[in-house]
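Here is how the chains run, residue by residue.
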Amino acid sequence: MFALRFFLLATLALSSSANEEVLVLRVGAIFFDTEMKLAEAFDAAVEEVNAINPSLKLDAIKHYLTVDDSIVLQEISCDLIGNGVVAIFGPSSKTNSDIVEVLCNTTGIPHLQFDWPPQKSAREGLNHKMTINVAPMELILSTAILDVLASKSFNWNSFTLVYEKSTNLNRLQHILAWKQLHKTGIKIRPFERGDDYRVLWKQISTANEKYVLLDCPPDILVNVINASIGFNMTGAFNHLFLTNLDTHISGIDRFYSKEFTVSIAAIRIRNYIPPPVHDEIDVFDNEVDDMFDSLETQLLYDSVVLFYNALLELSQRSGFYAPQTRCGLGFWQPGPRLVEQMKNISPKQAKPPFKTQKLHINADGQRDDFNLDVYNPIIDRVNYIWNKEFQLVSYEKIRENSSQALKQKRLEDKVDFSQKPVRYKIATRVGEPYFSWRAEPEGVHYEGNDRFEGYVVDLIYDLAQECKFEFDFEPVKDNKYGSYDPITDEWDGIIRALMDNHAQIGICDLTITQARRSVVDFTVPFMQLGISILAYKKPPPEPNEYGFLKPYNLEVWLYVIIAMMISAIALILTGRMDRFEWEKPVENENNELEQENIWHMRNTLWLVLGSILNQGCDLLPRGVPMRLLTAFWWIFALLVSQTYIAKLAAFVTSSKISNDIASLHDLVDQNKVQFGTIRGGATSVYFSDSNDTENRMAWNKMLSFKPDAFTKSNEEGVKRVKVSKGTYAFLMETTSLQYHVQRNLDLIQIGESFGQKHYGIAVPLNSQFRSNLSVGILRLSEKGRLYYFRNKWLNTNDSSSDKGPEPVDDGKLDMESVGGLFVVLIVGVIISFIIGLGEFLRHVQRIALKDKITPKMALKAEVMFLIRFWETKKPRHTYQRSRDSTSTGYSSMEQMSTVSSVKKRKNARKDN
């Protein structure tokens, strides 16, 4: 039977050669029953190559698999080999068996692959020398993807890799080795076909990821991406990179709309389109062959073309014959030569041309060169071209250098919504002087960004000019900066808006903290500041002209006066009882001996008053009881007077001291004044996370205060300080504190600032525009704009208070403070003069009665002597002097009788 078949074939060959008939050779193909479109493409490819040369035709034999079974696959392969096929195409990578490659290797039948089979070791490769694979090598493809993401155009530093579990990750091996598997590098999230893809995107959204590398089969890609829309993952500042080479046939272009603005990129093997001159260069053509739209059909087509061209070349040489082998029996000798010929076929020689560019097979039977399109699959617009030699090259640059660019330019009727002029949504909070609503004059209404004013408004306007972007302000609903709640595991305020992709920039008096930097990024600081204490400035006490009486209250003064009276009486009694306090006997006018005692009420009061005023007295006691009593009085008087002096000094200086709290230490060490800060703000975090003992004590005291010492905003804290009238202090940033102090004369800053902090602009993690904003801030700083904004909004001297300018305190007492002393002096002078005048009139009356003259005459004489203040000696009878000088001309001065002369006369009479 075998001999008969050989004879018939030889006869057919000889007759065909003699009559120049067509050489028909069989080729086999193995497909799964779900790959009918692939089988149709195979038939179309065979039909096209058969039209190249009428002397060589291919006859296709196809077999179909229902399941991945190596035994069935072996039977099909042996059947094809037994039918005399010159090559076997397939099967695809859906099979895990390499039995076809092994059988072809043992029988010499070339085996062509058009897909990525499971990766084999070097040892296994020795058994697959008859296999040619036109699919790009996964190692090179992995390198290409890395080159794209690591380029300056992409620069992906941190991202999440999402893949379907059945996908072969060999084509991503360089990506997995590029970055550390960490939250600051690569995060991996697998999923399975048929999962609830919303769970996947919720996890990615919760992790605040804006960069996603998605490796997903094209048949479920639309469903996977559609599930991300509900989690705001398709906004202008999200980035999506699709690694499947068949993304262009997934139907993803249905998402084309103004709302789908995600920056999206995909890759595909670049198609080869033959120019008029058969040379492989880049041309531009919109024609698409639906039969070969997928990469698998294109590679299958290329494998058929490659094999046909090699077969056409080899069949014309001597020694070529059709295979006559069976599994385990015989080896087709032309087979290895045919494989080598396929390795030598260049793209320029292939007829018809390949569907993909740079198809060349290396010595190992692998394709190690190809071109990649890096394109936007939504609008099917190519942005970059990748190849091994030049890596990533701008597509526009290639078009400009192409001689056929104008003739065959790609139509651009779709707008790329992801490439519009960038417009940032800016999250902020209302709080003067950084951001506030602008007052509208009568008849004026503001719209858009004109509705706002403040430091950050001016800063963003200048920054937008420097960095070339547009913006819209949007205050956050809760008007919070952004703090982490460990109970709910959520952030709020501006930070939450950035994490949820509701805004791209967050700015206000937002402090850069480590906790916030773990979920968002910050630009370089635009302001440096610290923390200080805002307190109520108690108004100085009203000047009191009788303030010198304040050291003692009325009760003490009364007791001092009573003590003086009692002490004076005690001195009188003691002096009268002590014999040493009586003067020597003196004879009176009646010639009687008398003893005089000086301790009467006038003298004792003078002694008591002189002692308590620290002035002393010329009346001194002689007896022991009197001296002892006087000594105890002096002790009392000393303590009373010195205590008074000390208290008076304290009262005089107390009005000059604005506050007895001068630092955070003083604030912590007292219990009269409560203090607090904004709940969840950077200042509260500074205290709660600090390891400093004093800061921890301050934090614990703030937690213990009742009512709650924390506020929702700076404005609430400032208002609370003003209302408390000195019983509450507020800890806040120095810039905001100085702003409120300058506008409220009732407020004061206490102590030096501490805890150095910085304000910065917050952006989502790994935002590429962060560096651009940082450069813009540095430029504004160099131009002096930041200094200008600070002076304009923070250092103004305008005040909203109706009070006049605050008086300068030079530490000196004015007349309003010491006027009472002059009043006391004047009152004392007046009282003394009145008492003296009363005694003078009484003296005049006594003279008139004693000398039996009229009161008028006596008064006149005394007044005349009184006004002659230059006279220091007074005559005994002034009225006589006055009368003599006026009536008789008597002007001699009669010597005044003194007490001593009187005593002498008395002593003389006594001796007689």
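Definitions and limits used
- Residues numbered from 1 in each chain as written.
- Predicted model: local features only at pLDDT ≥ 70, side-chain atom pairs only at ≥ 80, totals over all residues.
- Heavy atoms only, no water.
- Helix = DSSP H or I, 4+ residues; strand = E, 2+ residues; numbered from the N terminus.
- Expected span 1.5 Å × (residues − 1).
- Buried < 20%, exposed > 50% of the residue type's maximum accessible area, 1.4 Å probe, protein only.
- Contact = heavy atoms within 4.5 Å.
- Pairing = 2+ DSSP bridges.
- Right-handed = clockwise from strand over helix to strand, strands pointing away.
- Polar contact = N/O pair within 3.5 Å; in protein donor to acceptor, adjacent residues only side chain to side chain.
- Arc of directions from axis to C-beta.
- Axes fitted to C-alpha atoms, helices over the stretch in contact; angles between N-to-C directions.
- Disulfide = S-S within 2.5 Å.
- Patch = residues over 30% accessible without salt bridge, like charges linked within 9 Å, V, L, I, M, F, W, Y side chains within 5 Å.
- Areas by Shrake-Rupley, 256 points an atom, 1.4 Å probe, with all protein chains shown as cover.
- Salt bridge = Lys/Arg side-chain N within 4 Å of Asp/Glu carboxyl O.
- Core = buried A, V, L, I, M, F, W, Y, C linked by side-chain atoms within 4.5 Å.
- Phe/Tyr/Trp six-rings, centres within 6.5 Å; stacked < 30°, edge-to-face > 60°.
- Lys NZ or Arg CZ within 6 Å of the ring centre and 35° of its normal.

Counted at 1.5 Å a residue, the expected span for helix α13 (residues 455-467) with its 13 residues is 18 Å, and the 18 Å between its end C-alpha atoms agrees. Among all positions in α13, only Tyr 455, Val 456, Val 457, Asp 458, Leu 459, Ile 460, Asp 462, Leu 463, Ala 464, Glu 466 and Cys 467 are buried. Along its buried surface, α13 packs onto β14 (423-428), β16 (452-453), β17 (470-475), β22 (527-536), α24 (770-783) and α25 (785-793). Lys 468 sits one or two positions beyond α13 and adopts a positive phi of about 60 degrees.

Two faces belong to every sheet, and in a regular strand the side chains alternate between them. Residues His 239 and Phe 241 line one face of strand β9 (residues 239-242) and the alternating positions Leu 240 and Leu 242 line the opposite face, and both faces are buried. Where strand β8 (residues 211-215) and β9 come together, four bridges link them in parallel fashion. Its bridge partner lying in β9, Leu 214 is registered against Leu 242. In this fold, the crossover linking β8 to β9 by way of helix α9 (residues 218-226) has right-handed handedness. Bridge count between β9 and strand β10 (residues 263-269): four bridges; the pairing is parallel. Counted as the bridge partner of Phe 241 is Ala 265 from β10.

For the rest of this paragraph, the subject is the environment of Asn 244. In this fold, Asn 244 is placed in the loop between β9 and β10. Expressed as a C-alpha distance, the spacing of Asn 244 and Thr 167, which sit 77 residues apart in the sequence, is 9.7 Å. Other than its neighbours up to four places away in sequence, Asn 244 contacts Asp 215, Cys 216, Pro 217, Pro 218 and Ile 267. From its side chain, Asn 244 meets the backbone nitrogen of Asp 246 in a polar contact 2.8 Å long.

Further remarks concern helix α3 (residues 70-82). Helix length check: α3 (13 residues) gives 18 Å between terminal C-alpha atoms against 18 Å at 1.5 Å per residue, within 8%. Every buried residue belonging to α3 is among Leu 73, Ile 76, Ser 77, Leu 80 and Ile 81, and all of these are buried. Buried residues of α3 fall within an arc of 135 degrees about the axis and therefore sit on the same side. Exposed and oriented more than 90 degrees from the buried face of α3 are Ile 71 and Glu 75. Against the buried residues of α3 lie β1 (23-32), β2 (56-65), β3 (85-89) and α4 (99-107). Where α3 begins, the side chain of Asp 69 points an oxygen toward the backbone nitrogen of Ile 71, at a separation of 2.9 Å.

What follows deals with the sheet that holds β22. Reading across the sheet, the four strands line up as β25-β26-β22-β27 and stay open at both edges, with mixed pairing between neighbours. Of all strands in the sheet, those bounded by a partner on one side alone are β25 (674-676) and β27 (747-759). Neighbouring strand axes in the sheet, compared pairwise and without regard to direction, differ in orientation by 20 degrees on average. As judged from the eight bridges shared by β22 and β27, these two strands associate in the antiparallel manner.

Note the cis peptide between Glu 432 and Pro 433, where omega equals 0 degrees. Mapped onto the secondary structure, Pro 433 falls in the loop between β14 and β15 (436-437). Of note in this structure, Asp 489 is not a glycine but carries a positive phi near 60 degrees. For Lys 725, which is not glycine, the phi dihedral falls at a positive 55 degrees.

Any covalent bond linking the sulfur atoms of two cysteines counts as a disulfide. Tallied over the full model, the rule gives one disulfide. The disulfide partner of Cys 78 is Cys 327, and the gap between their sulfur atoms is 2.2 Å. With the S-S dihedral at roughly -115 degrees, the linkage between Cys 78 and Cys 327 falls on the left-handed side. Taken as a pair, Cys 78 in helix α3 and Cys 327 in the loop between α10 (295-315) and α11 (334-344) lie far apart in primary sequence, 249 residues in all. With relative accessibility at 27%, the residue Cys 327 sits in the partly exposed group.

Judged by side-chain polarity, Ile 561, Met 565, Ile 569, Leu 573, Met 577 and Met 601 come together as a nonpolar surface patch covering roughly 580 Å² of accessible area. Ranked by residue count, the leading element in the nonpolar patch is helix α16 (residues 554-577), at five residues. Locating Met 601 in the fold gives a position in helix α17 (residues 601-612). Judged by its relative accessible area of 32%, Met 601 is partly exposed.

We now examine the pairing of strand β7 (residues 186-191). Of the pairings in the sheet, the one linking strand β6 (residues 159-164) to β7 comprises six bridges and is parallel in character. When the bridges of β7 are listed, Thr 160 appears paired with Lys 187. Read as a crossover between parallel neighbours, the route from β6 over helix α7 (residues 173-178) to β7 is right-handed.

Counting 89 residues, the largest nonpolar core has Phe 89, Phe 241 and Phe 307 as its most contacted members. No other element matches α10, which puts 13 residues into this core. When residues no more than four places from it in sequence are discounted, the contact partners of Phe 89 are Val 27, Gly 28, Ala 29, Ile 30, Phe 42, Leu 112, Phe 114, Leu 300, Ser 303, Val 304 and Phe 307. Counting residues in hydrophobic clusters, the runner-up holds 46 residues, among them Met 499, Leu 510, Ile 678 and Leu 737.

With that settled, the discussion passes to the side chain of Thr 247. By secondary structure assignment, the location of Thr 247 is in the loop between β9 and β10. There is a polar contact of 2.8 Å between the side chain of Thr 247 and the backbone oxygen of Asn 244. With near-sequence residues (within four places) excluded, Thr 247 lies in contact with Leu 221, Leu 242, Ile 252, Ala 266, Tyr 375 and Pro 377.

Enumeration according to the criterion identifies 36 aromatic pairs in this entry. When the centroid spacing of 6.4 Å and the interplanar angle of 40 degrees are considered together, the rings of Phe 31 and Tyr 64 count as tilted. Residue Phe 31 is found in strand β1, and its partner Tyr 64 is found in strand β2; the two are separated by 33 residues along the sequence. Using a relative accessible area of 0% as the deciding quantity, one classes Phe 31 as buried. With relative accessibility at 34%, the residue Tyr 64 sits in the partly exposed group. Taken together, the aromatic side chains of Tyr 424, Phe 435, Trp 437, Phe 452, Tyr 461, Phe 469, Phe 471, Phe 473 and Phe 769 make up a single cluster linked through ring pairs. Residue placement shows Arg 268 over the ring face of Tyr 375; its charged tip is 4.0 Å from the ring centre. Over the ring of Tyr 481 we find Arg 429; its NZ or CZ atom is 4.2 Å from the centre of that ring.

A sheet is described by the order of its strands in space; here five strands give the open sequence β2-β1-β3-β4-β5, paired in parallel fashion. Strands with a single pairing partner mark the edges of an open sheet, and in this sheet they are β2 and β5 (131-133). Each strand axis lies, on average, 25 degrees off the axis of its neighbour in the sheet, ignoring direction. As paired strands, β1 and β3 are joined by three bridges and run parallel to one another. What sits directly across from Arg 26, in β3, is Val 85. Each of β1, β2 and β3 is contacted by helix α2 (residues 36-50), which is oriented at about 170 degrees to β2, the strand it contacts most. Sitting on the sheet, α4 touches β1, β3, β4 (111-113) and β5, and the angle it makes with β4 is about 150 degrees.

Shape descriptors only; they carry no functional weight alone.
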